[in-house]
Amino acid sequence: MSARRYLQLDVFSARAGAGNPLGVVVDTDGLDAAAMQAIAAWLNLSETIFFLPPDDGASYHVRIFTPKMELPFAGHPSVGAAWAAVELGLATADDEGRLIQQCAAGLLPVQVQGGRWFRQIKVRSPQAERRDTQLTELPEGLAALAHPGQSPVLWNNGPDWWVLEASSEAALRRYKPELAAIAAMPGRGKLAAFAAADRPDVGYQYVVRAFAPGVGVNEDPVTGSANALVAAHLLAQGRLKPHQQYLASQGRELGRNGEVRVEVDAEANVWIGGEVQQVISGQIEW
């Protein structure tokens, strides 16, 4: 058993308690994958990251675990990892604020803006791919929730997410998730539902809810990978174009107020970003 530096961050949040918690284990000497998985299961956060020595070409290196499995990529862990790497002096951005994250999905560009008291992080999502998998039928509640003419599409940017457009923001916020049915869906039982904001004056353009009972997270407070795939879905439909951006609201149904900034660059790559708050700083003995 060793004492290891540990942080708990709140990601996609302008204030502590409004975003998605992230466990950060800094000192990982002697931890194998089984031990990392055991720590993540014990912490029981939606994700926990572990810093490892980076390979050539990377600024820092992380592995990402849910309570049940390792993920090749996840958004709020990647944004939080970049914040922690800079804050702890594990990596230094170049003069243009650029870092390179190494994770199981490969080397991902990261952009850091601002300083200690207001630091914005954004990370480029891995390229989204649409899966050929089809659903034969939807659970009753999801079928009622779906926007007319829209059906779930399975997308992947490391993890798989079914993406479904809801008929309205109000309907999405009222939806009671059919967790057993969602958990049984192909692609490890994960669904991201989204809707355009009902009003233009609320400050965000889309609302998102993400359900992942298949990997042990009934509803995730704020989800970067799912938001990136919603953007990929909108790009595929021609409703989002290069050089455009928007703000997504997520987490209010869980008492949070997460904000995810979604941008599309000139090459149609999707970037997700936001603020990070440090809530806990200490050590974990394992």
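Everything below is about the structure shown above.
What you see is a predicted model, and the numbers here were worked out from it, not measured in a lab.

A.B. asks: Any details on empty space enclosed by the protein? Residues and values, ideally.
C.D. replies: Tallied over the full model, the rule gives two cavities of 30 Å³ or more. Empty space within the largest cavity amounts to approximately 120 Å³. Forming the walls of the largest cavity are 20 residues, and the residues nearest its centre are Glu47, Leu71, Trp161, Asp220 and Thr223. Those elements that provide at least two residues to the lining of the largest cavity are helix 2 (75-87), strand 14 (217-220) and helix 6 (224-236). Examining the composition of the lining of the largest cavity, we find that three residues originate from one element, helix 2, more than from any other. Lining of the second largest cavity is provided by Phe12, Ser13, Ala14, Gln120, Leu247, Glu259, Arg261, Gly274 and Glu275. Put simply, the parts of the chain that give the lining of the second largest cavity at least two residues each are strand 16 (258-264) and strand 17 (270-285). Of the residues contributing to the lining of the second largest cavity, the split by class is three nonpolar, three polar and three charged.

A.B. asks: Hey, could you go over unusual backbone geometry for me, with residue numbers and the actual values?
C.D. replies: Glycine aside, residues mostly have negative phi, and peptide bonds are mostly found in the trans state. One non-glycine residue with positive phi stands out, namely Phe12, at about 65°. Locating Phe12 in the fold gives a position in the loop between strand 1 (3-11) and strand 2 (20-25). Phe12 sits in the buried class, given a relative accessible area of 1%. At Ala268, a position not held by glycine, the phi torsion is positive, near 70°.

A.B. asks: Can you explain the packing of aromatic side chains? Please cite residues and give values.
C.D. replies: All told, the structure shown has six aromatic pairs when counted by the stated rule. Each residue in the set Phe194, Tyr206 and Tyr246 is aromatic and connected to the rest through ring pairs, giving one cluster. Sitting over the face of the ring of Trp271, Lys122 holds its NZ or CZ atom 5.7 Å from the ring centroid.

A.B. asks: Please set out the pairing of strand 17 residue by residue, giving values where relevant.
C.D. replies: Relative to strand 17, strand 1 runs antiparallel, the two being bridged by nine bridges. Bridge assignment links Arg4 to a residue of strand 17, and that residue is Ile284. Summarising the sheet, strand 8 (residues 118-124) and strand 17 pair through five bridges and their orientation is antiparallel. Following the sheet pairing, Ile121 is matched in strand 17 by Gly274. Bridge count for strand 16 against strand 17 is four bridges, and the pairing is antiparallel. Within strand 17, the position partnered with Val262 by the bridge is Ile272. Following strand 16, the chain reverses through five residues before pairing antiparallel with strand 17; Ala268 in that reversal takes a positive phi of roughly 70°.

Reading the values: rules and limits
- Residues numbered from 1 in each chain as written.
- Predicted model: local features only at pLDDT ≥ 70, side-chain atom pairs only at ≥ 80, totals over all residues.
- Heavy atoms only, no water.
- 1 Å grid on protein atoms, 1.4 Å probe; cavity = no way out; pocket = protein on both sides within 12 Å on 5 of 7 lines; lining within 4 Å.
- Points joined across faces, edges and corners; volume = space filled by probe spheres on them.
- Helix = DSSP H or I, 4+ residues; strand = E, 2+ residues; numbered from the N terminus.
- Nonpolar A, V, L, I, M, F, W, Y, C, P; charged D, E, K, R; others polar.
- Buried < 20%, exposed > 50% of the residue type's maximum accessible area, 1.4 Å probe, protein only.
- Phe/Tyr/Trp six-rings, centres within 6.5 Å; stacked < 30°, edge-to-face > 60°.
- Lys NZ or Arg CZ within 6 Å of the ring centre and 35° of its normal.
- Pairing = 2+ DSSP bridges.

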